[in-house]
Amino acid sequence: MLEAVIVDDEIKALQSLSWELTNLSDEVDIVASFTDAGEALNYLEQNTPDCLFLDIEMPAMDGFQFIKNLKNKDFPVVITTAYNQYALQALKNEAIDYLLKPIDTDDLEETIAKIKRYNAKNLTVERLEKILLNFNAESKSKKITINTDGKLVFLNSDDILYAESDGNYSTIFLADGQKILLTKKLKEVNALLPESSFFRIHNSYIINLNKIKEFLKTDGYVVLESNHKIPVSRQKKSDFLDML
């Protein structure tokens, strides 16, 4: 799926291109569209689409000025214009292609194919990360995504025994003996884990309910399959018993 952004000060031209793109292929998703160049720049500072369709003739800031003001240029730009004299200038300004209005369907198909080839050759870390996250979100067996130490780690919930807090850091303990240190508070880690199988049993601990071997009521501890003993706080005891 190609995530596209459109910038065109003419609302009718913007709507027309949106319609063309979405009806041409089910592989194109218009994630944002703007008639205001400033708003578009702000959006693109925080987001990296797969391509940008950019009009040249805009008030206050034309398309070429827009490109110069782009801080994030990690995606191909397609110039849209009603004037073919801009073609050469468009290509000199780092645009991957240009489309002449009214946009021809065949030309648009060729441009989409060109975008795909460009992205395949220029697979950046950010784009790869987005692909992986999207794949995981759409997967039938969705995994837990952990961002740590400059990499994404995809875990099956069954691989996790428990998580322990250490101030502004947390450690996830896995069934195979591995540990994953995160620069996240335990509250943030808790938000990543499915509620159906994980429970914050103590201010400092989250456990996998499927990994409990024993509950020592008198001592106030649970024993996991790994033989780790995890304390149950008094405040959490009642809720914990309800979960069981």
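Calculation rules
- Residues take numbers from 1 onward in each chain, read along the sequence in its written order.
- For this predicted model, a pLDDT threshold of at least 70 governs which residues receive local features, and a threshold of 80 or more governs which side-chain atom pairs are given and counted, while totals over whole chains, interfaces and linings are taken from all residues.
- Only hydrogens and water are removed before side-chain values are computed, so all heavy atoms of the structure are retained for them.
- Under the DSSP-based scheme used, a helix requires at least four consecutive residues in state H or I and a strand at least two consecutive residues in state E, with every element numbered from the N terminus.
- Relative accessibility decides the category of a residue: with a 1.4 Å probe and only protein chains considered, values under 20% of the type maximum give buried, values over 50% give exposed, and everything between is partly exposed.
- Between two residues, a contact is recorded if the distance between any of their heavy atoms is within 4.5 Å.
- DSSP bridges decide pairing: two strands pair if at least two such bridges lie between them.
- A fitted line through C-alpha atoms represents every axis, and for helices the fit uses only the stretch in contact; the resulting angles, taken between N-to-C directions, go from 0 to 180 degrees.

An unreviewed UniProt entry annotates the chain as Response regulator transcription factor of Flagellimonas profundi.

Asker: Hey, could you run me through the side chain of Thr171 in this one?
Answerer: Among the structural elements, Thr171 can be located in strand 9 (residues 169-174). Classification of Thr171 as buried rests on a relative accessible area of 17%. Setting aside residues up to four positions removed in sequence, Thr171 forms contacts with Tyr162, Ala163, Glu164, Lys179, Ile180 and Leu181.

Asker: I would appreciate a short explanation of the sheet that holds strand 14 (residues 221-224) in the present structure.
Answerer: Either a parallel or an antiparallel arrangement is found when strands of a sheet pair, and the pairing is made through backbone hydrogen bonds. Reading across from one edge, 13-14-15 is the order of the three strands in this open sheet, with antiparallel pairing throughout. The open sheet has two edge strands with one neighbour each: strand 13 (212-216) and strand 15 (229-231). Pairwise comparison of adjacent strand axes, ignoring direction, gives a mean angle of 25° for this sheet. Pairing analysis gives four bridges linking strand 13 to strand 14, with the strands arranged antiparallel. Bridge assignment links Glu214 to a residue of strand 14, and that residue is Val223.

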